[in-house]
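One-letter residues, chain by chain:
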Amino acid sequence: MYDCFMEEMIYQKFILGTGNRLDNALKKGLGGVIFFTRDIQSQEQFKSLITEIKQKSIISPFLSIDQEGGRVERTEKIHPRYLSPKYAFEKGEEFLKEQTQKIAQELKDYGINLNFAPCADVNTNPDNPIIGERAFSDKTDEVSSAVKLVAKTYREERIIPCLKHFPGHGDASKDSHLTLPVIDLSLSEMEEVHIKPFKENLDTEMIMVAHLHCTCFNKEAIPSSLSKNAIGYLRNVLNYDGVIITDDMVMKGVQDFGSVEACIMAIRAGVDMFIYRDADELAINTIEGVLREVERDKELQRLVSESDNRIQRLKKERLGY
């Protein structure tokens, strides 16, 4: 029989989308919920959905969304699109701050407390199929300053910002939803161009790690999200002690490693949380499979406990429970 505290700690590590297994997961201590366009039909309906989820949760959940502006928005059925980060940044700092305030106030009104934004990617590859206008700029210093402004504005509006996609998705030539992109740059190139916006914003509460094969961290094809070298760099070289979360774990760039196996690799690497876009059988079987692995491994238990401390610290600081 499982230790109920360990079960809660494992469920706390996951943020799931909606689905027929969500209610049961919330009763077991699910860490949070991520919302997509499919979940948002009207303002009243969305507020009601969030209220219902909060009532069913035994631990205050992260209520999250990808609301970057422009191409990546989830409220498109109930709200005109904002400008993409690139175009908002080009209109100047004052416009960027004002737009971020509007996004934050809208999200807060619905009941959202975590936004998977801003993108700290430097869009150095003009043929990048996944970043493009989602990046503030193709210049590192401009991205760093824009990220600082946007993250600070979200924080002031009581929305938790999450920088993404470490160690930098800007040079990719393929979409990590469909395959595992390769970033074949030296560590010094990565540090000077792509890692710098993260390094200069380490006061952020949460950082999302991408499913990228960065050859500077691993010669073999291991995604950064599962890599001891990549996560270890973030933890031990940059000394980041906030919450590290993966990009969606159903993306093709990571799924080839197997759901449970990938999560265990990521936990050993130092990852704290995982996103699964649906509260379905795959997600629940994964959580239960991770629980079984952790129950019989003392080292995994220690790592899970350390992660839980980071997760609960953030929740107490920002969700006020």
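Residues numbered from 1 in each chain as written. Predicted model: local features only at pLDDT ≥ 70, side-chain atom pairs only at ≥ 80, totals over all residues. Heavy atoms only, no water.

**Student:** Tell me about the pairing of strand β3 (residues 62-65), residues and numbers included.
**Tutor:** Burial of β3 is two-sided: the residues F62 and S64 facing one way and the residues L63 and I65 facing the other way are all buried. Pairing geometry for β3 and strand β4 (residues 114-115), over two bridges, is parallel. Residue pairing for β4: S64 is matched across the bridge by L114. (Buried < 20%, exposed > 50% of the residue type's maximum accessible area, 1.4 Å probe, protein only. Helix = DSSP H or I, 4+ residues; strand = E, 2+ residues; numbered from the N terminus. Pairing = 2+ DSSP bridges.)

**Student:** How would you sum up the environment of S188? Please name residues and give values.
**Tutor:** Among the structural elements, S188 can be located in helix α7 (residues 187-199). Overall, the relative accessible area of 38% leaves S188 in the partly exposed class. Residues S188 and F46, spaced 142 residues apart in sequence, show a C-alpha to C-alpha distance of 45 Å.

**Student:** Lay out the pairing of strand β2 (residues 32-35) with the relevant residues and their values.
**Tutor:** Of the two faces of β2, both are covered, the one formed by G32 and I34 as well as the one formed by V33 and F35. Handedness of the strand β1 (residues 14-16)-helix α2 (residues 22-27)-β2 crossover: right-handed. Sheet topology places β2 next to β3; four bridges connect them, and they run parallel. By the bridge assignment, F35 is partnered in β3 with I65. The parallel pair β2 and β3, bridged by helix α3 (residues 43-56), forms a crossover whose chirality is right-handed. (Right-handed = clockwise from strand over helix to strand, strands pointing away.)

**Student:** Go over the sheet that holds β3 with me, naming the residues and quoting the values.
**Tutor:** In space, the eight strands of this closed barrel follow the order β1-β2-β3-β4-β5-β7-β9-β10, with parallel pairing throughout. Contacts from helix α10 (residues 259-269) reach β1 and β10 (273-276), with the element oriented near 150 degrees to β10. (Contact = heavy atoms within 4.5 Å. Axes fitted to C-alpha atoms, helices over the stretch in contact; angles between N-to-C directions.)

**Student:** How would you explain α3 if you had to name every residue and give the values?
**Tutor:** Given a rise of 1.5 Å per residue, 14 residues ought to cover 20 Å, and the 20 Å separating the end C-alpha atoms of α3 matches this to within 8%. Buried within α3 we find F46, L49, I50 and I53. The arc that holds every buried residue of α3, seen down its axis, measures 95 degrees, which confines them to one face. Pointing more than 90 degrees away from the buried face of α3 are the exposed residues E44 and Q55. For α3, the elements touching its buried residues are α2, β2, β3 and α5 (93-110). (Expected span 1.5 Å × (residues − 1). Arc of directions from axis to C-beta.)

**Student:** Quick one: what's the story with the environment of I244, residue by residue and with numbers?
**Tutor:** Along the chain, I244 turns up in strand β9 (residues 243-248). In contact with I244, other than residues within four places in its own chain, are I207, V209, I231, L234, R235, G270, V271, D272 and M273.

**Student:** I'd like a description of unusual backbone geometry, backed by residues and values.
**Tutor:** Between A117 and P118 the backbone carries a cis peptide bond, its omega angle lying at 10 degrees. Locating P118 in the fold gives a position in the loop between β4 and α6 (140-156). Omega for the peptide link from F166 to P167 comes to 0 degrees, which places this bond in the cis form. Here P167 shows up in the loop between β5 (160-166) and β6 (182-183).

**Student:** Tell me about α5, and please be specific about residues and values.
**Tutor:** Residues spaced three or four apart along an α-helix face the same direction, because each turn holds 3.6 residues. The end-to-end C-alpha distance of α5 is 26 Å, a good match for the 26 Å that 18 residues give at a rise of 1.5 Å each. Those residues of α5 not exposed but buried are L96, Q99, T100, I103, A104, E106, L107 and Y110. Here the buried residues of α5 occupy an arc of 160 degrees about the axis, which is enough to place them on one side. Seen from the open side of α5, the exposed residues pointing more than 90 degrees away from its buried face are E94 and K102. Packing partners of the buried residues in α5 comprise α3, β3, α4 (85-90), β4 and α6.

**Student:** So what's going on with the packing of aromatic side chains? Which residues, and what values?
**Tutor:** Evaluated as defined, the whole model comprises seven aromatic pairs. Measuring from centroid to centroid gives 6.1 Å for F14 and Y276, while their planes differ by 35 degrees, and the two rings are tilted. Placement of F14 in strand β1 and of Y276 in strand β10 is noted, with a sequence separation of 262 residues between them. On the basis of relative accessible area, F14 is assigned to the buried category, the value being 0%. An aromatic cluster is built from F14, F274 and Y276, whose rings are joined through pairwise contacts. Sitting above the plane of the F62 ring, K315 keeps its charged end 4.8 Å from the centroid. (Phe/Tyr/Trp six-rings, centres within 6.5 Å; stacked < 30°, edge-to-face > 60°. Lys NZ or Arg CZ within 6 Å of the ring centre and 35° of its normal.)

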